[in-house]
Amino acid sequence: MSKASSNSSEEKKLKWWQLSLLGVAGTIGTGYFLGSSLAISIGGPAVLIAYIFAALGTYLVFDALAKMTADHPEQGSFRSYAKNAFGSWAGFASGWFYWFSELLIMGSQLTALSIFSRFWLPSVPLWIFAAGFGIVGICIVFFGNKGFDRVENVLAIIKIAAIIMFLVLAIGLLAGWIGGTKYEHKVPMDMATIFPKGGVGLWSAFLFAFYAYGGIEVLGIMSYRLQKPEEAPKAGKVMLIALSTVYVVSIGLALIMVPLNAFNPKESPFVLALSSDHLAFVPHLFNGVLIVAGFSTMTASLYAVTSMIITLAQEGDAPKLFSRKWKEKYPFFALSIIGCGLIGTIIMSLLLPGKVYEYITTAAGLMLLYNWSLILLSAGKLLKSGKFDKVKRWLGLLLIATAVTGTLFHTLSRPGFYISLLLVSLIVISDIIVQRIRKKKSSTKTSNSQKEEDEEHEQSATETSSFHITGIRLRKKRKLK
């Protein structure tokens, strides 16, 4: 057996609990470490309900994707399923929805990293940090650091260690084992405190709860590596129970330890919760961990958008230029268009330093949910569904629709909704143009093929006629002789 085939077989020997752990480590990012502060600011303590329902919605999407993967593994995963279910236009739309969602997620993470960095250097403009982190990330992907996969594993361990550290210290502060706390600890009890902005506030915060679970589609792609592909839904269920437990417990502790008016989108709720005279070094340490964790997820998103644009170009859903590699090794052209997207984020950081994170995060979450809707709709078309499967699918679509419409009721989320609509419009218009060009090429090819067949037929008929005439002449000459 060759080394390649041996590696391939080793890759596929993945147990369901290993997939669950990979999902937990890969999903936790700036959407949780900083986005949760935005969710709390909008929805108040009631946001914990949103995280539970978002976990349910995320599981329903993963369940559908995992079942399609187990039924018919495809290298293109959700793109291929959308194409098989609804045609090439859906594959085009799904691929670009994912590309834009990951690009915006990367922009959101870039902004979050800049906010974390300003914890130490508040006078430095946001856009300078954004530019610095963006350049470093692009260099890593450009030169194809082979050891980055191992680094990602180490960074995943750091993220989990940071959460454990927060839980231990938070319990110590609440129990009084550690003194010098900055804020008075208080458990929200009455309805006015739990729902400070009513049901509309909870509705508006729903999207940011979903955003914290972003990345589940990547786990669906990895499902084919399981020893038993039919165990993929179980892996997703355990992963999401673990994630939702971590989210609810840690955010719940932060809500007890920090007054609601202190939460803001510029600081991590966990750094605020650990503010204590006796733990002066901890916020700095935790902030450093957040930067490491955020950079790992940002670079992973950068790899994702680079791979996706190359795949789209190879399959004719993007200009062929982006599939080319400089010196047959470096993805220069793919990174150029991604670099333009990052420059857009940096310009927004320069022009709107106080609101850029909310706008980009909202748009990123919405593009992610649009793609998840396509996954659920594709499953309805491709899988044999019982009544319970249909209920689950429509429940998932309902939860996604609730999160999407909730952005219309908050002033900071509404611009992100309009940005997402603009991107969807661009994708739809591009899709129509691409489909027309393909149809035109196909009809031209068919007509040329028909023309060639007619010419061949005419030539064959001419040759046959010539053969018959020659035969008659030969027979006449024989008779004359």
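Rules behind the numbers
Residues numbered from 1 in each chain as written. Predicted model: local features only at pLDDT ≥ 70, side-chain atom pairs only at ≥ 80, totals over all residues. Heavy atoms only, no water. pLDDT = per-residue confidence, 0-100. Helix = DSSP H or I, 4+ residues; strand = E, 2+ residues; numbered from the N terminus. Contact = heavy atoms within 4.5 Å. Buried < 20%, exposed > 50% of the residue type's maximum accessible area, 1.4 Å probe, protein only. Axes fitted to C-alpha atoms, helices over the stretch in contact; angles between N-to-C directions. Parallel < 35°, antiparallel > 145°, perpendicular 65-115°, else oblique. Left-handed = near helix turned anticlockwise from the far one by under 90°. Nonpolar A, V, L, I, M, F, W, Y, C, P; charged D, E, K, R; others polar. Salt bridge = Lys/Arg side-chain N within 4 Å of Asp/Glu carboxyl O. Patch = residues over 30% accessible without salt bridge, like charges linked within 9 Å, V, L, I, M, F, W, Y side chains within 5 Å. Areas by Shrake-Rupley, 256 points an atom, 1.4 Å probe, with all protein chains shown as cover. Polar contact = N/O pair within 3.5 Å; in protein donor to acceptor, adjacent residues only side chain to side chain. Phe/Tyr/Trp six-rings, centres within 6.5 Å; stacked < 30°, edge-to-face > 60°.

**Comments concerning the confidence of the model for the protein**
On average, residues of the protein score 81 in pLDDT, and 83% of them are at 70 or above. Mean pLDDT across the elements of the protein ranges from a minimum in helix α1 (residues 3-12), with 44, to a maximum in helix α18 (residues 387-406), with 93. Long-range and interchain partners of residues 1-11, a stretch whose pLDDT sits below 50, account for two contacts in this model, where long-range means more than four residues apart.

**What to know about helix α6 (residues 78-86)**
Taken as a whole, α6 has its buried residues at F78, R79, S80, Y81, A82 and A85. Phi turns positive, to about 110°, at G87, one or two residues after α6.

**Some remarks on the packing of helix α17 (residues 356-382) against α18**
Taken N-terminus to C-terminus, the directions of α17 and α18 make an angle of 165°; their axes are 10 Å apart at the nearest point. In terms of axis orientation, α17 runs roughly antiparallel to α18. Once α17 is placed against α18, the crossing between them reads as left-handed. Only R393, G396, L397, I400, A403 and V404 of α18 make contact with α17, whose side of the interface consists of L366, L369, Y370, W372, S373, L376, L377, A379 and G380. Grouping the constituent residues of the contact of α17 with α18 by class yields eleven nonpolar, three polar and one charged.

**Considerations on the pattern of salt bridges**
Considering all chains together, one arrives at six salt bridges under this definition. The salt bridge partner of K67 is D63, with a shortest N-O separation of 3.4 Å. Here K67 pairs with D63, and both are found in helix α5 (residues 47-71), just four residues apart, close to one helical turn. Judged by its relative accessible area of 5%, D63 falls in the buried class. One salt bridge connects D317 with R79, and the closest N-O pair in it is separated by 3.0 Å. Placement of D317 in the loop between α15 (282-314) and α16 (332-351) and of R79 in helix α6 is noted, with a sequence separation of 238 residues between them. Given the relative accessible area of 6%, D317 is considered buried. Look at R79 and you get buried, because its relative accessible area is 6%. Taken together, the shared-partner salt bridges connect D63, K67, D389 and K392 into one network.

**Notes on a nonpolar patch on the surface**
Taken together, the side chains of V200, W203, L408, F409, Y418 and L421 make up a nonpolar region of the molecular surface, amounting to roughly 530 Å² of accessible area. Relative to the elements of secondary structure, F409 occurs in the loop between α18 and α19 (414-480).

**Structural notes on the environment of S204**
Take S204: it is sitting in helix α11 (residues 198-211). Taking the C-alpha atoms as reference, S204 lies 8.4 Å from A39; in sequence the two are 165 residues apart. When sequence neighbours within four positions are dropped, the list of residues in contact with S204 reads I42, G406, F409 and H410. A polar atom in the side chain of S204 sits 3.3 Å from the backbone oxygen of G406.

**Examining the packing of aromatic side chains**
The full count for this structure, using the stated rule, is 22 aromatic pairs. Where F33 meets F286, the ring centres are 6.5 Å apart and the plane angle is 80°; that geometry is what we call edge-to-face. Remark: F286 occurs in helix α15 and F33 occurs in helix α3 (residues 30-33); sequence separation between them is 253 residues. For the pair shown, F33 and F286 are each scored as buried.

**A closer look at the environment of T30**
Here T30 shows up in helix α3. Since its relative accessible area comes to 1%, T30 is described here as buried. With 83 residues separating them in the primary sequence, T30 and L113 have C-alpha atoms 8.2 Å apart. If we skip the residues at most four places from it in the chain, T30 touches G35, Q109, A112, F116, G294, T297 and Y357.

**Considerations on the packing of α11 against α18**
With their axes 7 Å apart at the nearest point, α11 and α18 run at an angle of 115° to one another. The interaxial crossing formed by α11 with α18 has left-handed handedness. Touching W203, S204, F206, L207 and F210 of α11 are L399, I400, T402, A403, T405 and G406, all from α18. Residue composition of the contact of α11 with α18, by class: seven nonpolar, four polar and no charged.

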